[in-house]
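Spelled out from the first residue to the last, the chains are:
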Amino acid sequence: MNAQKDRDCLKIAFYGKGGIGKSTVASNVSAALSMQGFKTLLIGCDPKADSARCLVGHKIPTVLQQLHKKQDNIAREDIMFPGFNGVACIEAGGPEAGVGCAGRGIITMMEELTHLEILNEGWDVVVYDVLGDVVCGGFSVPMREGYADRIYIVTSSEFMSVYAANNIMKAVARSQGKRTVNLGGIIHNQRNGESSVESVEDFAARTATRVLASIPFSREIVLSELEGKTVLEKYPESQTARFFRELAGIIAMGQGSSPEPLSNDELEEFSHYMLDLELQNHR
């Protein structure tokens, strides 16, 4: 389905616990949106700087690397690179391990993008791929400063992933007093056969949101990423590619809501529910 383009720029961000599959979702959804006719920009906000790898085919120079190399003389082409189906890609980057603040890299990048007026180039969609450690002020910049209007949380049913999702909801709730940012929903990434759809759906119901989709484990995703490609490019006719096209359509036409994150006590209670469900499923 082709989503309509007669709308303001759609600014979305994917958040979640490190390693949960945000970059997989962000890159494949970006590819799918571009194939639906949207002029799309992907901005990686993770110090690993691997958000754009499957769109470009390799890791690209980051904004922090280019600033260090060229000081204040960087140009648009130094930090923005073309990816699959015309998706433009930028990586914030981060400091070397054990040195400096990773979140600061996002702040520096956004200042540079503003200076170069890259965000004013008539994009239909801007996608942010953000590490879910929103305790750090830098990682909350896309939602706190109004760069992203709608947040999507990628999670599995692992408790620490749910814990991170709940923290992200708290950050969204705090940002709503100053900005129009809202929560578009949860994307359940079933990285293996052990992740419980029931647990994630129950968590979504308790926090006044919804599960947009559950991504089944897919060998096509694994093989595509090893080759530095999205599933949309490597296996365009596969069921997984159709899944991402459908998810992109839902996101393009979707609405957001105000989340109701769980308190610490409620989250602890939910962990006991998850344990009971886990024991029942393995009897």
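Fair warning: this is a prediction, and the values are worked out from it, not measured in the lab. (Residues numbered from 1 in each chain as written. Predicted model: local features only at pLDDT ≥ 70, side-chain atom pairs only at ≥ 80, totals over all residues. Heavy atoms only, no water.)

A. The pairing of strand β2 (residues 40-45), seen in detail. Burial analysis of β2 places six of its six residues in the buried class, which makes it a mostly covered element. Residues Thr40, Leu42 and Gly44 point to one face of β2 and Leu41, Ile43 and Cys45 to the other, with burial holding for every one of them. Pairing between β2 and strand β5 (residues 125-130): six bridges, direction parallel. Directly across from isoleucine 43, in β5, lies its bridge partner tyrosine 128. Pairing geometry for β2 and strand β4 (residues 88-91), over four bridges, is parallel. Pairing of glycine 44 across the sheet is with glutamate 91, part of β4. (Buried < 20%, exposed > 50% of the residue type's maximum accessible area, 1.4 Å probe, protein only. Helix = DSSP H or I, 4+ residues; strand = E, 2+ residues; numbered from the N terminus. Pairing = 2+ DSSP bridges.)

B. Inspection of helix α12 (residues 264-281) at higher detail. Taking 1.5 Å of rise per residue, the 18 residues of α12 would be expected to cover 26 Å, and the 26 Å separating its terminal C-alpha atoms lies within 8% of that figure. Of the residues making up α12, those classed as buried are Leu267, Phe270, Ser271, Met274 and Leu277. One face of α12 carries all of its buried residues, which in axial projection span an arc of 125°. Facing away from the buried side of α12 by more than 90 degrees, the exposed set consists of Asp265 and Glu269. On its buried face, α12 is in contact with α7 (159-175) and α8 (197-206). (Expected span 1.5 Å × (residues − 1). Arc of directions from axis to C-beta. Contact = heavy atoms within 4.5 Å.)

C. Spatial organisation of the sheet that holds strand β7 (residues 182-189). With mixed pairing, the eight strands of this open sheet are ordered in space as β3-β4-β2-β5-β1-β6-β7-β8. Two strands lie at the open edges of the sheet, namely β3 (81-82) and β8 (211-215), each paired on one side alone. Sheet contacts for helix α1 (residues 22-35): β1 (10-15), β2, β5, β6 (150-155), β7 and β8; angle to β5, the most-contacted strand, approximately 170°. Of the strands in this sheet, β1, β6 and β7 touch α7, which is tilted by about 170° from β6. (Axes fitted to C-alpha atoms, helices over the stretch in contact; angles between N-to-C directions.)

D. Structural context of the packing of α1 against helix α11 (residues 239-253). Packing of α1 against α11 brings their axes to within 8 Å, and their N-to-C directions diverge by 80°. By the criterion of interaxial angle, the relationship of α1 to α11 is roughly perpendicular. Note on element contacts: α11 touches α1 through Phe244, Arg245, Leu247, Ala248, Ile251 and Ala252, opposite Thr24, Val25, Asn28, Val29, Ala32 and Leu33. (Parallel < 35°, antiparallel > 145°, perpendicular 65-115°, else oblique.)

Everything listed here is a matter of coordinates, which is why it stays silent on function.
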